[in-house]
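Each chain is listed here by its residues.
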Amino acid sequence: MSFDRSKTPTWRTGYRYQYEPAQKGHVLLYPEGMIKLNESAALDAQFPGVPELAEDIEQFMEVARAQHWIDLA
Amino acid sequence: MLSTGSTLPDSVSDKLPPKPEIGLPLWLLAELTYRCPLQCPYCSNPLDFAEQGKELSTEQWIKVFREAREMGAAQLGFSGGEPLVRQDLAELIAEARKLGFYTNLITSGIGLTEQKISDFKKAGLDHIQISFQASDEQVNNLLAGSKKAFAQKLEMARAVKAHGYPMVLNFVTHRHNIDKIDRIIELCIALEADFVELATCQFYGWAQLNRVGLLPTKEQLVNAERVTNEYRAKLEAEGHPCKLIFVTPDYYEERPKACMNGWGSIFLTVTPDGTALPCHGARQMPVQFPNVRDHSMQHIWYDSFGFNRFRGYDWMPEPCRSCDEKEKDFGGCRCQAFMLTGDASNADPVCSKSEHHGVILKAREEAEHATQTIEQLAFRNERNSRLIAKG
């Protein structure tokens, strides 16, 4: 199933994405849990609109949707 | 053949894997108080909680949060006892959130009001977990030792969602409520829980004291897990975001749990009087643990005796020492090894390789014939705690 690019993803309520200096990386925090995201997930924040990243981002969005990390509207 | 004991020839010690680098204390559990309006007979607090020292002040807690955050702690749980009895809770939440913590309030819901839910939101609280004792009013209130607990919890769970928090509902299950697991799950879905923890009693503190009256039978457990899996499949098919987390009691396992992901690996608890522990059950162990009143969090985590006591593999006697699964389960739970064998270095008796595994088999057997009612359990309250402390 391909990702619908016309939709706007937002983090699910109560999920927070932030940089952790001690881990030198970005994490997604949620009730009593934490996921460390790899470099490509963090790139969209730094280089929005760079076309080569689109595929990585799309893959990430697929995972994020399946895991209920994001809402799409 | 080597006998049990920690003194071993060099040739064997040499084969031990290298001591892993000390990880970050990612999870900080702040047990703000042992005071609690409920009397749950499976509480994980120490039996002698009523005899513990003075609670830390607001300033002392804030210092703990600041130092732990600098060391990489990201998740902070406000727990207890019942954390709501601390009058400075909103202030502590605000400070923790400002430092960048993801803040979790772990509460019975007793003492919670809509005003507090709203105030905590403004202070920056990220999430509220409410614990229930059962899915029906009568059993819930009986277990909680309170006549009004259930209605209050329902009302507060609805208010938590209405104020835009994610919500975890926690049900401790045991032989008196586990057969109603379908109703428990239905209730959680109706209350719009994001996560549901169906946690079969773990036998520490008061739960250990009441073990015979709490441990479900194998059949009860198998049935509960089957029902949970059916609901999981149903939720997934609907694309429903509610996640069910089923925690089995390790008494029905043949290999021990990788307790706390390893001693002093990611988890740090600070108890009401400031004692720092690698796990909230460790207080009873004959190990000297540091206090935040005397030491920095840096010292406590990296250098203290207590936090280093069971790191790596050097401390392991047989059968753990030569076991090829030791890097997976770390020999299980140190507290359980201490409680059930008298020596915290021993293999967790849950492991079928442990020479003490018979105590687990006996407990399973007892579960088949136990007749204790809820009313016959020892309730967690100050009076019972003082009696136990006096011996």
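Residues numbered from 1 in each chain as written. Chains lettered and ligands numbered in written order. Predicted model: local features only at pLDDT ≥ 70, side-chain atom pairs only at ≥ 80, totals over all residues. Heavy atoms only, no water.

Thoughts on the interface of chain A and chain B
Think of interface size as the accessible area that goes away when the parts come together; that is how it is often given.
And step 1. Tallying the contact residues gives 16 residues for chain A and 27 residues for chain B.
And step 2. Overall, the association of chain A and chain B removes approximately 1600 Å² of surface from exposure, summing both partners, and the carbon and sulfur fraction of that is 54%.
And step 3. When residues of chain A are sorted by the area they lose upon contact with chain B, A:Arg16, A:Pro31 and A:Glu32 head the list and together hold 39% of the total.
And step 4. In this assembly, chain A and chain B are joined by 3 salt bridges.
And step 5. With its nearest N and O atoms 2.9 Å apart, the salt bridge here joins A:Arg12 to B:Asp194.
And step 6. Put simply, chain A and chain B have 11 residue pairs in polar contact (both at pLDDT 80 or more) between them.
And step 7. Sorting the residues of the side of chain A that touches chain B by element identifies strand E2 (16-20), strand E3 (25-30) and strand E4 (33-36) of chain A as the ones contributing at least two each.
And step 8. For the side of chain A that touches chain B, the element with the most residues is E2(A), which contributes 3 residues.
And step 9. Partitioned by chemical class, the residues of the side of chain A that touches chain B number 6 nonpolar, 6 polar and 4 charged. (Contact = heavy atoms within 4.5 Å. Buried area = accessible area lost by both parts, 1.4 Å probe. Salt bridge = Lys/Arg side-chain N within 4 Å of Asp/Glu carboxyl O. Polar contact = N/O pair within 3.5 Å; in protein donor to acceptor, adjacent residues only side chain to side chain. Helix = DSSP H or I, 4+ residues; strand = E, 2+ residues; numbered from the N terminus. Nonpolar A, V, L, I, M, F, W, Y, C, P; charged D, E, K, R; others polar.)

A word on the confidence of the model for chain A
Detailed conclusions should not be drawn from predicted coordinates in areas where pLDDT is low.
And step 1. With 77% of its residues at a pLDDT of 70 or more, chain A has an overall mean of 80.
And step 2. Within chain A, helix H1 (residues 39-46) of chain A has the poorest average pLDDT of any element, 57, and E2(A) the best, 94. (pLDDT = per-residue confidence, 0-100.)

Re the sheet that holds E4(A)
All names here are of chain A.
And step 1. Strand order in the open sheet formed by 3 strands is E2-E3-E4, with antiparallel pairing between adjacent strands. Each edge of the sheet is formed by a strand with only one pairing partner; in this case those strands are E2 and E4. Shown here is a sheet whose adjacent strand axes are inclined to one another by a mean of 30 degrees, direction ignored.
And step 2. As defined by bridge partners, E2 adjoins E3 across 5 bridges and the pair is classed as antiparallel. Bridge pairing in E3 places Tyr17 opposite Leu28. (Pairing = 2+ DSSP bridges. Axes fitted to C-alpha atoms, helices over the stretch in contact; angles between N-to-C directions.)

Some words on the packing of aromatic side chains
And step 1. Scanning the model with the defined rule gives 18 aromatic pairs over all chains in all.
And step 2. A centroid spacing of 5.4 Å and a plane angle of 20 degrees characterise the contact between A:Trp11 and A:Tyr17, whose relative ring orientation is stacked.
And step 3. Through successive ring pairs, a cluster of aromatic residues spans A:Trp11, A:Tyr17, A:Phe60 and A:Trp69.
And step 4. Directly above the ring of B:Tyr165 sits B:Lys121, whose terminal nitrogen or CZ lies 4.4 Å from the centroid.
And step 5. Directly above the ring of B:Phe132 sits B:Lys153, whose terminal nitrogen or CZ lies 5.7 Å from the centroid. (Phe/Tyr/Trp six-rings, centres within 6.5 Å; stacked < 30°, edge-to-face > 60°. Lys NZ or Arg CZ within 6 Å of the ring centre and 35° of its normal.)

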